[in-house]
Amino acid sequence: MNHFKHWIPVILIAGIIFWFSSQPYQQQDVKPFMIDFINEEWIQAAFGWIAFDYAGYLVSVDHLGAASFIEFFIRKGAHFGIFFLLGFFTIRASLQTFLKNRPKTGLLTSFIFTFLYAVSDELHQHFTGDRTPLIHDVMIDSVGALTGILLYIIFTTTKK
C-alpha cells in the first residue's frame, strides 16, 4: 500500500486526460470567453506575421481570427503541460517503487508508457464528437512527457 501512494498522481492525471478527451470540442471552446479579454488589433500587430501548417490546417491570425489563434496555442500548451506532468509523475513513481536505482530503465519505460497513453488518447478522441485524432498532438504530448521525465531525472540526480 505504501508504494501505491506514488502512483496516485499518475492515475489522477491519466484520468484528467481521459475526461478531457471525452468532451466534444464545443464543451472546451474557450473562444467565447476570450473575445471580451483580447485586443484583436494588438494580436494582429504582434502575431500577424506568424503562419504555419499544423496537420493540414493553416494556423495564422488572418486565417483563424485572433481568438482561435490564441486558443490554438492554449490547447497545444495544455497538451504539452498535462503530458509533462504525466511523464514527471510516472518516472517519479517508477523510480520510487519498482525501478529503484535504475534511472535508464525508468526513463525508457516511463516514456513508452506516456507515448502509448498519448496514442490511446488520440484514438479515444476519434470516438468523441467533433474531435480529431492527430499524430501531431501525439508528438507534442510525447515531447511534454519526455521533458517531464528528463527534468525529474536531472533534478533528482544533481541534488545527490
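Criteria and cut-off values
- Residues numbered from 1 in each chain as written.
- Predicted model: local features only at pLDDT ≥ 70, side-chain atom pairs only at ≥ 80, totals over all residues.
- Heavy atoms only, no water.
- Patch = residues over 30% accessible without salt bridge, like charges linked within 9 Å, V, L, I, M, F, W, Y side chains within 5 Å.
- Areas by Shrake-Rupley, 256 points an atom, 1.4 Å probe, with all protein chains shown as cover.
- Salt bridge = Lys/Arg side-chain N within 4 Å of Asp/Glu carboxyl O.
- Helix = DSSP H or I, 4+ residues; strand = E, 2+ residues; numbered from the N terminus.
- Buried < 20%, exposed > 50% of the residue type's maximum accessible area, 1.4 Å probe, protein only.
- Contact = heavy atoms within 4.5 Å.
- Pairing = 2+ DSSP bridges.
- Core = buried A, V, L, I, M, F, W, Y, C linked by side-chain atoms within 4.5 Å.

Residues Phe4, Ile8, Ile11 and Leu12 make up a contiguous nonpolar surface patch of roughly 370 Å² in combined accessible area. Within the secondary structure, Leu12 sits in helix α1 (residues 4-21). Overall, the relative accessible area of 54% leaves Leu12 in the exposed class.

Let us look at the environment of Leu99. Among the secondary structure elements, Leu99 is positioned in the loop between α6 (66-96) and α7 (103-126). Among all residues touching Leu99, those that are not within four sequence positions of it are Ser94, Thr105, Gly106 and Thr109.

The pairing of strand β1 (residues 51-54) with strand β2 (residues 57-60) spans four bridges and is classified as antiparallel. Within β2, the position partnered with Ala51 by the bridge is Ser60. Between the end of β1 and the start of β2, which pair antiparallel, lie two residues, with Ala55 showing a positive phi angle near 55°.

Moving on to the nonpolar core. Formed by 13 residues in total, the largest nonpolar core has its most connected members in Ile43, Tyr54, Val59, Phe69 and Ile70. Among the elements that take part in this core, α6 stands out by supplying five residues, more than any other. Not counting residues up to four positions away in its chain, the partners in contact with Ile70 are Met34 and Ile43. Ranked by size, the runner-up nonpolar core spans 11 residues in total, among them Val10, Ile13, Ile17 and Ala118.

We now examine unusual backbone geometry. Positive phi, normally seen in glycine, also occurs at Ala55, with a value near 55°. On the secondary structure map, Ala55 appears in the loop between β1 and β2.

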